[in-house]
Amino acid sequence: MQNYKIKPGKLGSKVVQAYRQAENAFVDTFLEADGSLKTGGMEQPVTDAYHKVEKAVVGGYRKVEKAFVDAFLEPTDSQEDR
């Protein structure tokens with residue numbers, strides 16, 4: 001497996017920060033402290049809708065991730081470069 005290190009720039013950290021904000025907003029909106037859904041009787045429709053959105057977002061993210069890896073990361077040969 002190849003090792004990578006981030007090339008200089010702010011874009012990668014902005015993407016991670018935006019993802020964490022979206023994830024935190026979802027958790028605050030839909031999950032109880034124990035991890036169960038806050039939706040009560042709407043659990044299945046909300047879960048199904050979430051899975052559809054998640055699948056679309058993950059597919060889009062993978063495309064963006066590949067583009068970012070190609071544009072902003074470079075392979076390294078050693079653990080010291082991380």
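Reading guide: rules and limits
- Residues numbered from 1 in each chain as written.
- Predicted model: local features only at pLDDT ≥ 70, side-chain atom pairs only at ≥ 80, totals over all residues.
- Heavy atoms only, no water.
- Helix = DSSP H or I, 4+ residues; strand = E, 2+ residues; numbered from the N terminus.
- Buried < 20%, exposed > 50% of the residue type's maximum accessible area, 1.4 Å probe, protein only.
- Contact = heavy atoms within 4.5 Å.
- Areas by Shrake-Rupley, 256 points an atom, 1.4 Å probe, with all protein chains shown as cover.
- Salt bridge = Lys/Arg side-chain N within 4 Å of Asp/Glu carboxyl O.
- Axes fitted to C-alpha atoms, helices over the stretch in contact; angles between N-to-C directions.
- Parallel < 35°, antiparallel > 145°, perpendicular 65-115°, else oblique.
- Nonpolar A, V, L, I, M, F, W, Y, C, P; charged D, E, K, R; others polar.

Caption draft 1: Up close: the overall build of the protein. If you tally the helices and strands in the protein, you get two helices and two strands. The order of helices and strands in the protein, counted from the N terminus, is β-α-α-β. Within the span of the protein, comprising 82 residues, buried residues form 4% of the whole. Taking the contacts inside the protein whose residues are at least 6 apart along the sequence as the reference set, 69% of them involve residues at least 24 apart. As displayed, the protein has an accessible area near 7000 Å², and 56% of this comes from carbon and sulfur atoms.

Caption draft 2: How the structure looks around the pattern of salt bridges. Tallied over the full model, the rule gives one salt bridge. Close ionic contact of Asp 70 with Lys 66 constitutes a salt bridge, the shortest N to O distance being 3.2 Å. Of this pair, Asp 70 and Lys 66 both sit in helix α2 (residues 43-72), four residues apart, which is roughly one turn of the helix.

Caption draft 3: Highlighting the environment of Glu 43. The topology assignment puts Glu 43 in helix α2. The exposure class of Glu 43 is partly exposed, given its relative accessible area of 43%. C-alpha separation for the pair Glu 43 and Phe 30, spaced 13 residues apart in sequence, amounts to 9.8 Å.

Caption draft 4: Here's a closer look at the packing of helix α1 (residues 11-30) against α2. In the contact formed by α1 and α2, the axes pass within 12 Å of each other and the chain directions differ by 170 degrees. Classified by the interaxial angle, the pair formed by α1 and α2 is roughly antiparallel. For the pair formed by α1 and α2, the contact residues are Leu 11, Val 15, Phe 26 and Phe 30 on the first element and Val 46, Tyr 50, Phe 68 and Phe 72 on the second. When grouped by side-chain class, the residues that make up the contact of α1 with α2 number eight nonpolar, no polar and no charged.

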